[in-house]
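Overview (structure and organization)
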Amino acid sequence: MASRVAAIWNHPAGPKTIHFWAPTFKWGISIANIADFSKPPEKISYPQQMAVTATGLIWSRYSTVITPKNWNLFSVNVAMAATGLYQLSRKLSQDYMAVPDAPLKKSLTDA
């Protein structure tokens, strides 16, 4: 057990480096995006969600080709891409696929 903790502690992307702390704090963006799932779709920003999605996709790829591989960076960016895509799908669905309310028929009492 102690050797496993020591291996994590001394890893090139471990807690003694910025390579650990930057992605760890980046989780705040994904958590905020998850909190926004309850926000009405009309309040969602296309530019913001496209930036979150693009950042997640680009840095997910980057985190797998650098040495040492940084799985914390990979996981946070997959979460960013996923939450951004979900928010974009909500916005697109609301803006382009929503069926407008059908006009109400006049009732006999309104005539």
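In what follows, the structure referred to is the one given above.
Summary of the structure given here. What you are looking at is a predicted structure, and each value in this text was computed from that prediction instead of being measured.

**Quick notes on the side chain of R90**
- When you line up the elements, R90 lands in helix α4 (residues 71-97).
- One buried charged side chain, R90, makes no salt bridge at all; its nearest oppositely charged neighbour is E42, positioned 7.5 Å away.
- When residues no more than four places from it in sequence are discounted, the contact partners of R90 are D36, F37, K39, P40, P41 and I44.

**With respect to the layout of surface pockets**
- Here the largest pocket is characterised by a volume of approximately 190 Å³.
- Considering the residues around the largest pocket, the lining is formed by P12, A13, H19, A22, P23, K26, Y62, I66, T67, P68, N70 and L73.
- Looking at which element gives the most residues to the lining of the largest pocket, the answer is helix α2 (residues 18-35), with four residues.
- When its residues are assigned to classes, the lining of the largest pocket shows eight nonpolar, three polar and one charged.
- Its boundaries defined by the atoms lining it, the second largest pocket holds a volume of some 170 Å³.
- What lines the second largest pocket is I8, H11, A13, G14, F20, K69, N70, W71 and N72.
- Here the lining of the second largest pocket is composed, by residue class, of four nonpolar, four polar and one charged.

**Regarding the packing of helix α3 (residues 46-65) against α4**
- For the pair α3 and α4, the least separation of the axes is 7 Å and the interaxial angle reads 150 degrees. Here α3 is positioned roughly antiparallel relative to α4, judged by the angle of their axes. Seen from above, α3 lies across α4 with left-handed handedness.
- Residue composition of the contact of α3 with α4, grouped by class: 16 nonpolar, 11 polar and two charged.

**Notes on the packing of α2 against α4**
- Two elements in contact, α2 and α4, have axes whose closest approach is 9 Å; the angle formed by their N-to-C orientations is 20 degrees. If you check the angle between α2 and α4, you find them roughly parallel. Here α2 and α4 pass one another in a crossing that is left-handed. In contact with F20, P23, T24, K26, W27, I29, S30, N33 and I34 of α2, α4 contributes N72, L73, S75, V76, N77, A79, M80, T83, G84 and Q87.

**Digging into unusual backbone geometry**
- Between T67 and P68 the backbone carries a cis peptide bond, its omega angle lying at -5 degrees.
- By the secondary structure assignment, P68 is in the loop between α3 and α4.

**Points about the environment of I29**
- For I29, the location among the structural elements is in helix α2.
- The exposure class assigned to I29 is partly exposed, which follows from its relative accessible area of 42%.
- Taking the C-alpha atoms as reference, I29 lies 9.9 Å from N77; in sequence the two are 48 residues apart.

Reading guide: rules and limits
- Residues numbered from 1 in each chain as written.
- Predicted model: local features only at pLDDT ≥ 70, side-chain atom pairs only at ≥ 80, totals over all residues.
- Heavy atoms only, no water.
- Helix = DSSP H or I, 4+ residues; strand = E, 2+ residues; numbered from the N terminus.
- Buried < 20%, exposed > 50% of the residue type's maximum accessible area, 1.4 Å probe, protein only.
- Lys, Arg positive; Asp, Glu negative; His and termini not counted.
- Salt bridge = Lys/Arg side-chain N within 4 Å of Asp/Glu carboxyl O.
- Contact = heavy atoms within 4.5 Å.
- 1 Å grid on protein atoms, 1.4 Å probe; cavity = no way out; pocket = protein on both sides within 12 Å on 5 of 7 lines; lining within 4 Å.
- Points joined across faces, edges and corners; volume = space filled by probe spheres on them.
- Nonpolar A, V, L, I, M, F, W, Y, C, P; charged D, E, K, R; others polar.
- Axes fitted to C-alpha atoms, helices over the stretch in contact; angles between N-to-C directions.
- Parallel < 35°, antiparallel > 145°, perpendicular 65-115°, else oblique.
- Left-handed = near helix turned anticlockwise from the far one by under 90°.

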